[in-house]
Amino acid sequence: MAPKTSSATLRLKQDYIRLKNDPVPYVIAEPNPSNILEWYYVVSGPDDSPYAGGYYLGRLVFPRDFPFKPPSIYMITPNGRFKTNTRLCLSISDYHPDTWNPAWSVSTILTGLLSFMLENSPTMGSIEMTDYERRQLAAQSLESNVRDENFCELFPELTMTIQNEIEKRNLARANEEQSPIMDSSQPENNIFHSVVYNSVVVVGFALFIYLVRYVLYNMNIE
């Protein structure tokens, strides 16, 4: 006799189909192929935020009696808003089972998470950083994610996109480093050209004086 499928498994499968048909802006998510109670998500930093250009991996751990109890929420990629690998205290997480609504889906959780990330209100698991520091972490998040096995396995298309972006950045950085070398050699070329020009002028002037003297000398002889 086949084992009975739990209500949590059935509900999460339904939520996954809904999420694919109606994606959450700036957030994608995939369940662990070997454990549907564990999901990984990636937040793409909105353009009008200090997280722009960044990709932030996180994890959802659902209880066996989901949707009657909320999941644990973790952020894995350093981001400047939440501590990494720490249970986050949000109204949609297991820190607040009293505010949880069983009608909420995975899409609701991801939407709420993004909303909390873009706020600055303190909570358990949040940290304070300047926008400049968060932009620095956004730039560093690309390399951080492509080193993560779960990220690369569950989000292969995004991994390729990030790897291409890293290559572009490295190429641009190499060109910037080469430019000062090119510029530093320019003054030497200018000095060389100046010396050659002055030498030509002096030689030309000397020839002119010689010719004048030669003409005058011949005129005196005649």
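First things first, this report covers the structure right here in the doc. (Residues numbered from 1 in each chain as written. Predicted model: local features only at pLDDT ≥ 70, side-chain atom pairs only at ≥ 80, totals over all residues. Heavy atoms only, no water.)

1. Examining the pairing of strand β2 (residues 35–44)
Right, on to step 1. By the criterion of burial, β2 is predominantly enclosed, with seven of the 10 residues buried.
Right, on to step 2. Sheet topology note: the strand β1 (residues 27–32)/β2 ladder contains six bridges and is antiparallel. Across the sheet, residue Glu30 finds its bridge partner in β2, namely Tyr40.
Right, on to step 3. Counting the residues between successive antiparallel strands, the hairpin from β1 to β2 contains two residues.
Right, on to step 4. Relative to strand β3 (residues 55–61), β2 is paired through seven bridges, and the arrangement is antiparallel. When the sheet's bridge partners are listed, Tyr41 is paired in β3 with Gly58. (Buried < 20%, exposed > 50% of the residue type's maximum accessible area, 1.4 Å probe, protein only. Helix = DSSP H or I, 4+ residues; strand = E, 2+ residues; numbered from the N terminus. Pairing = 2+ DSSP bridges.)

2. With respect to helix α2 (residues 106–118)
Residues separated by three or four positions in an α-helix point in the same direction, a consequence of the helix having 3.6 residues per turn.
Right, on to step 1. Along its 13 residues, α2 runs 19 Å from first to last C-alpha, staying within 8% of the 18 Å computed at 1.5 Å per residue.
Right, on to step 2. For α2, the full list of buried residues reads Val106, Ser107, Ile109, Leu110, Gly112, Leu113, Leu114 and Met117.
Right, on to step 3. Packing partners of the buried residues in α2 comprise α1 (7–21), β1, β2, β3 and β4 (72–75). (Expected span 1.5 Å × (residues − 1). Contact = heavy atoms within 4.5 Å.)

3. Focus on unusual backbone geometry
Right, on to step 1. Here Phe66 and Pro67 are connected by a cis peptide whose omega angle stands at 15 degrees.
Right, on to step 2. Its location among the elements puts Pro67 in the loop between β3 and β4.
Right, on to step 3. For Tyr26, which is not a glycine, the phi torsion comes out positive at approximately 70 degrees.
Right, on to step 4. Tracing the chain through its elements places Tyr26 in the loop between α1 and β1.
Right, on to step 5. In this structure Tyr26 comes out as partly exposed when scored by relative accessible area, which is 44%.
Right, on to step 6. Unusually for a residue other than glycine, Asn85 sits at a positive phi of about 55 degrees.
Right, on to step 7. Looking at the secondary structure, you find Asn85 in the loop between β4 and α2.
Right, on to step 8. By relative accessible area, Asn85 is classed as exposed at 55%.

4. A short note on the sheet that holds β2
Right, on to step 1. Strands sit in the order β1-β2-β3-β4 across an open sheet of four strands; the sheet is antiparallel. Looking along the sheet, the strands with just one partner apiece sit at the ends: β1 and β4. Here the strands of the sheet are splayed against their neighbours by 25 degrees on average, with no regard to which way each runs.
Right, on to step 2. Looking at chain direction, β3 and β4 are connected through four bridges and run antiparallel. Counted as the bridge partner of Leu60 is Ile73 from β4.
Right, on to step 3. With respect to the sheet, α2 is in contact with β1, β2, β3 and β4, its orientation differing from that of β2 by roughly 40 degrees. (Axes fitted to C-alpha atoms, helices over the stretch in contact; angles between N-to-C directions.)

5. Describing the nonpolar core
What tends to happen in soluble globular proteins is that the nonpolar side chains get buried as a cluster.
Right, on to step 1. Counting 29 residues, the largest nonpolar core has Trp39, Tyr41, Leu60, Phe62, Ile73, Val106 and Leu110 as the members making the most contacts within it.
Right, on to step 2. Elements with a minimum of two residues in this core: α1, β1, β2, β3, β4 and α2.
Right, on to step 3. Of all hydrophobic cores here, the second largest spans 11 residues; its members include Tyr40, Phe151, Leu154 and Ile166. (Core = buried A, V, L, I, M, F, W, Y, C linked by side-chain atoms within 4.5 Å.)

6. Here's the deal with the packing of aromatic side chains
Right, on to step 1. Summed over all chains, the structure comprises seven aromatic pairs.
Right, on to step 2. Between the aromatic rings of Tyr16 and Trp39, the centroid separation amounts to 5.8 Å while the plane-to-plane angle is 75 degrees, which identifies the pairing as edge-to-face. Here Trp39 lies in strand β2 and Tyr16 lies in helix α1, a separation of 23 residues in the sequence.
Right, on to step 3. Relative accessible area serves as the criterion here: at 0%, Trp39 is assigned to the buried category.
Right, on to step 4. Here the aromatic rings of Tyr51 and Tyr56 are separated by 5.8 Å at their centres, their planes lie at 90 degrees, and the arrangement is edge-to-face.
Right, on to step 5. Judged by relative accessible area, which is 0%, Tyr56 ranks as buried.
Right, on to step 6. These aromatic residues form a ring-pair network of at least three members: Tyr16, Trp39, Phe62, Phe66, Trp100 and Trp104. (Phe/Tyr/Trp six-rings, centres within 6.5 Å; stacked < 30°, edge-to-face > 60°.)

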